[in-house]
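Chain by chain, the residues run as shown.
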Amino acid sequence: MKTFKMVCLDIDGTLLNSRHEITEHTKQVIRKVVNEKQIPVILVSARMPKGILFIQKELNIVQPIICYNGALIWNHGDQQLNITIPVSKVKMVYTIVKKLGIHISLYKDDEWFIEEFDEWAKQESEITKITPNITDFRNLFSIWEQENTGANKILCMADYNRIQKLDVELKKYLSTHLNIYPSKSTYLEIMPNHASKTSGIEFLCKEFGIQRSEIISIGDNYNDINMIEFAGLGIAMGNAPIQVKEIADDITLSNDQDGVAEALKKYILS
């Protein structure tokens, strides 16, 4: 059997089940991979560091984490890689979003900024167990302009029809500058154009001295396609859309059936 030296796991819809939990069985399998096989398990997500670190602690693993779909690599508090959206582009997105009456969240480093704690912010806070900072975005933009920086990620939340409309509007003006994609029917995520889960994984490959052929990547959604295609073994979850399954080397069980654990047992622990 082929030897693998790194496992890259998406979190939502992959590692976590539909109750946003990791089952005890999956925890045990991951710990065996890390402790018995000495294979690093890297968590790769659109989440901010705070939204990943408590999961990493729950698994009892210590490795760098890939945040904001590759825009930030966080390693024990140190930023190994930090890519931001220029504040000029953040302001353009903000103007379009506000005209459509859609919720907007801004993320930078390990902070989450909102203008008001509405139903969407409440929902996201309950899922991620993180409390956002309520702030005046105009002041925030001024600070970022002075510091010549911007956001690692923009998250827009609304009903399906308004998210679809926003997707079209943003791509009309900003598709060459930003990576814009729906992470679910009511969420539109916006990242720096040259940041991706794959670019984050490539960065860590160099750090660890690992070839892409020695990686297993497991994911469930459209933003996981590039890392599934990049890996030596790309696995789609049973709950993934058909387009994700079509590009994968294998399909495991769903996130409610310990799909991650089953894949790791099949390819690493068997």
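Residues numbered from 1 in each chain as written. Predicted model: local features only at pLDDT ≥ 70, side-chain atom pairs only at ≥ 80, totals over all residues. Heavy atoms only, no water.

Chemist: Run through the overall build of the protein chain, naming residues and quoting values.
Modeler: Summing up its helical and strand segments, the protein chain has 11 helices and 16 strands in all. Compactness check: the protein chain gives a C-alpha radius of gyration of 18 Å against a globular reference of 18 Å for 270 residues, within 12% of the reference. Projecting the C-alpha coordinates of the protein chain onto the three principal axes gives extents of approximately 55 × 35 × 30 Å. Within the protein chain, buried positions represent 56% of all 270 residues. Within the protein chain, residue pairs in contact and separated by at least 24 positions form 58% of the contacts whose partners lie at least 6 positions apart. A total accessible area of about 11,900 Å² is found for the protein chain, and carbon and sulfur atoms account for 47% of it. (Helix = DSSP H or I, 4+ residues; strand = E, 2+ residues; numbered from the N terminus. Rg over C-alpha atoms; globule rule 2.2 N^0.38 Å. Buried < 20%, exposed > 50% of the residue type's maximum accessible area, 1.4 Å probe, protein only. Contact = heavy atoms within 4.5 Å. Areas by Shrake-Rupley, 256 points an atom, 1.4 Å probe, with all protein chains shown as cover.)

Chemist: Summarise the layout of surface pockets; cite the residues concerned and give the values.
Modeler: Here the largest pocket is characterised by a volume of approximately 570 Å³. Along the walls of the largest pocket sit 30 residues, with Asp-12, Gly-13, Ser-183, Lys-184 and Glu-189 positioned nearest its centre. Those elements that place two or more of their residues in the lining of the largest pocket are helix H1 (11–15), helix H5 (119–128), strand E11 (153–157), strand E12 (178–184) and strand E13 (187–192). Looking at the lining of the largest pocket, its residues break down into 10 nonpolar, 11 polar and nine charged. (1 Å grid on protein atoms, 1.4 Å probe; cavity = no way out; pocket = protein on both sides within 12 Å on 5 of 7 lines; lining within 4 Å. Points joined across faces, edges and corners; volume = space filled by probe spheres on them. Nonpolar A, V, L, I, M, F, W, Y, C, P; charged D, E, K, R; others polar.)

Chemist: An account of the side chain of Thr-198 is needed here, citing residue identities and associated values.
Modeler: Inspection of the secondary structure assignment puts Thr-198 in helix H8 (residues 197–208). Of note is the side chain of Thr-198, whose polar atom sits 3.3 Å from the backbone nitrogen of Met-227. (Polar contact = N/O pair within 3.5 Å; in protein donor to acceptor, adjacent residues only side chain to side chain.)

Chemist: Can you break down helix H4 (residues 87–99) residue by residue, with the values?
Modeler: Note: α-helices contain 3.6 residues per turn, so residues at a spacing of three or four share the same orientation. Look at H4: 18 Å from first C-alpha to last across 13 residues, which is about the 18 Å you get at 1.5 Å a residue. Those residues of H4 not exposed but buried are Val-87, Lys-89, Val-90, Val-93, Tyr-94, Ile-96 and Val-97. Gly-101 sits one or two residues past H4 and shows a positive phi near 65°. (Expected span 1.5 Å × (residues − 1).)

Chemist: Now, about the sheet that holds strand E7 (residues 103–108): what can you tell me, with residues and values included?
Modeler: With mixed pairing, six strands are arranged side by side in an open sheet as E9-E8-E7-E11-E13-E12. The open sheet has two free edges, formed respectively by strand E9 (133–134) and E12, since each of these has just one partner strand. Contacting E7 and strand E8 (111–114), helix H6 (residues 137–147) runs over the sheet at an angle of about 30° to E7. (Pairing = 2+ DSSP bridges. Axes fitted to C-alpha atoms, helices over the stretch in contact; angles between N-to-C directions.)

Chemist: Describe in detail the packing of aromatic side chains, supporting the description with residues and values.
Modeler: Going through the model one piece at a time under the given rule, you end up with seven aromatic pairs. Judged by centre distance (6.0 Å) and plane angle (55°), the ring pair of Tyr-68 and Tyr-107 falls under tilted. Here Tyr-107 lies in strand E7 and Tyr-68 lies in the loop between strand E3 (65–67) and strand E4 (72–75), a separation of 39 residues in the sequence. Assessed through its relative accessible area of 0%, Tyr-68 is described here as buried. The buried category is assigned to Tyr-107, whose relative accessible area is 3%. Centroid distance Phe-141 to Trp-144: 6.4 Å. Interplanar angle 50°. Geometry classified as tilted. Of this pair, Phe-141 and Trp-144 are both found in helix H6, three residues apart, which corresponds to roughly one turn of the helix. Accessibility assignment for this pair places Phe-141 and Trp-144 in one class, buried. Grouping aromatic residues by their ring pairs yields a cluster made of Tyr-94, Phe-113, Phe-137, Phe-141 and Trp-144. We note Lys-153 situated over the ring of Tyr-107; from NZ or CZ to the ring centre the distance is 4.7 Å. The residue whose ring lies beneath Lys-184 is Tyr-187, and the NZ or CZ to ring-centre distance is 4.2 Å. (Phe/Tyr/Trp six-rings, centres within 6.5 Å; stacked < 30°, edge-to-face > 60°. Lys NZ or Arg CZ within 6 Å of the ring centre and 35° of its normal.)

Chemist: Describe the nonpolar core, and please don't skip the residues or the numbers.
Modeler: Ranked by internal contacts, the top residues of the largest apolar core, which has 51 residues, are Leu-9, Ile-30, Leu-43, Ile-218 and Leu-264. Excluding residues that lie within four positions of it along the chain, Leu-264 makes contacts with Val-7, Val-29, Ile-30, Val-33, Ile-218 and Leu-269. Residues Ile-96, Ile-104, Phe-141 and Trp-144 belong to the second largest nonpolar core, which totals 27 residues. (Core = buried A, V, L, I, M, F, W, Y, C linked by side-chain atoms within 4.5 Å.)

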